[in-house]
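A closer look at the structure
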Amino acid sequence: GGKKSQFIVVESPKARQLLGMRLAGRAPFNPNLQQGNGWRVLELTAQEASALRASGVGVYPNKRISVGPPPKPTTNIKAPRTSLYRDVHGASELQKEAGWDGTGVTLTIIDTGIGVHDSLMTPAKFDDVKTESPTDPQSDGHGHGTHCSGSSSARGELAAGGIRGMAPGATLQGVKVLDDRGSGSWADVMKGVEGA
């Protein structure tokens, strides 16, 4: 008895001994009970979770997380073409000082996705944890992931009104782990990190 909640269980010999078939398989398949490389989401009562922890098994609540309301659009702001507004954190000067612009590095944005933007290159790879189809095109119905992508690696031409990020030479990857309301679970984020 007792109310059940979702918990992330770290797989181990002790966890397999105590949970048996509950850890080994699920029938029928429940897409909300995810698994990854060395962990599984199971529905447990608080008492079951406490007993597992007391036995040395890693058990963590599969909490919901959120990045909050969508960012306010910036495309309507009228700024001079050379404005620092479009040169994120003075990135151009920092790149000149360092003599490096991120070339050779792959940046993975694990967030709400990456939307299409003039100053962003199409991601070299895009994985969508939040939908069932791996062939869905890149998307970001929230905007937070696109904002983070721009801060990190926008490569727009400042003289033409584009936006420049901290590492415009980097290769961009996107992993959508939060939905278009900006919400998801720890298990979604863990799946995205593993995919990256």
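**Digging into the overall build of the chain**
Secondary structure summary: the chain contains 6 helices and 9 strands in total. Surface summary for the chain: the accessible area is close to 11200 Å², and the carbon and sulfur share equals 56%.

**Notes on the sheet that holds strand β6 (residues 106-111)**
With parallel pairing, the 3 strands of this open sheet are ordered in space as β6-β8-β7. Every other strand in the sheet has two partners, leaving β6 and β7 (125-128) as the edge strands with one partner each. Across the sheet, the mean angle separating the axes of adjacent strands is 15 degrees when strand polarity is ignored. Summarising the sheet, β6 and strand β8 (residues 171-176) pair through 6 bridges and their orientation is parallel. By the bridge assignment for β8, I109 is matched with G174. Strand contacts of helix α5 (residues 144-153): β6 and β8, with the helix running at about 160 degrees to β6, the strand carrying the most contacts.

**Section: the pairing of strand β1 (residues 4-10)**
The pairing of β1 with strand β3 (residues 39-45) spans 7 bridges and is classified as antiparallel. Bridge pairing in β3 places K4 opposite T45.

**Here's the deal with the sheet that holds β3**
What the 4 strands build is an open sheet, ordered β2-β3-β1-β4; its pairing is antiparallel. Strands at the two margins of the open sheet, each flanked by one partner only, are β2 (35-36) and β4 (59-61). One ladder, built from 3 bridges, connects β1 with β4; its direction is antiparallel. Considered in β4, the bridge of V9 is made with V59. Against the sheet, helix α3 (residues 46-54) touches β1, β3 and β4, its axis set at about 125 degrees to β3.

**Remarks on the side chain of D188**
Positionally, D188 belongs in helix α6 (residues 186-195). Look at D188 and you get buried, because its relative accessible area is 5%. Filtering out sequence-adjacent residues up to four positions away, D188 remains in contact with Q34, V129, K130 and V177.

**A word on the environment of S149**
Inspection of the secondary structure assignment puts S149 in helix α5. Exposure remark for S149: the relative accessible area of 0% places this residue in the buried category. Taking the C-alpha atoms as reference points, S149 and L107, 42 residues apart in sequence, are found 8.7 Å from one another. Setting aside residues up to four positions removed in sequence, S149 forms contacts with I109, I114, L120, A154 and L172. From its side chain, S149 meets the backbone oxygen of G145 in a polar contact 2.8 Å long.

**Observations concerning the pairing of β7**
Only one face of β7 is buried, namely the one carrying F126 and D128, since none of K125 and D127 on the opposite face is buried. Judged from the 4 bridges that link them, β7 and β8 form a sheet pairing that is parallel. Within the sheet, the bridge partner assigned to D128 lies in β8 and is K176.

**Let's talk about the nonpolar core**
Core analysis: the largest hydrophobic core is formed by 11 residues, namely F7, V9, A15, L19, L23, L42, L44, A49, L52, V57 and V59. Counting residues per element, the ones that place at least two in this core are β1, α1 (13-19), β3 and α3. Residue contacts for L42: discarding those within four places in its chain leaves S5, Q6, F7, V9, L19, R22, L23 and L33. Counting residues in hydrophobic clusters, the runner-up holds 6 residues, among them I109, L120, I163 and L172.

Conventions we followed
- Position numbers for residues count from 1 along each chain, tracking the sequence in the order it is written.
- Reporting of local features is limited, given that this is a predicted model, to residues whose pLDDT is at least 70; pairs of side-chain atoms are given and counted only at 80 or more, and all residues count toward the totals for whole chains, interfaces and linings.
- Excluding hydrogens and water, the side-chain figures rest on all heavy atoms present in the structure.
- Only DSSP runs of H or I reaching four residues or more are called helices, and only runs of E reaching two or more are called strands; each is numbered from the N terminus.
- Using a 1.4 Å probe, accessible areas were evaluated by the Shrake-Rupley method; residue-level cover was limited to the displayed protein chains.
- Two strands pair under a simple rule: DSSP has to find at least two bridges between them.
- Structural elements are reduced to axes, namely lines fitted to C-alpha atoms, with helices fitted over the stretch in contact, and the angle between N-to-C directions of any two is expressed from 0 to 180 degrees.
- Contacts between residues were defined by any pair of non-hydrogen atoms, one from each residue, lying within 4.5 Å.
- Working definition: with a 1.4 Å probe on protein chains only, accessible area under 20% of the residue-type maximum means buried, over 50% means exposed, and in between means partly exposed.
- Side-chain atoms alone can form a polar contact between residues adjacent in sequence; in general such a contact is a pair of N or O atoms within 3.5 Å, and within protein one must be able to donate a hydrogen while the other accepts it.
- Put simply, buried Ala, Val, Leu, Ile, Met, Phe, Trp, Tyr and Cys residues joined by side-chain atoms within 4.5 Å make one nonpolar core.

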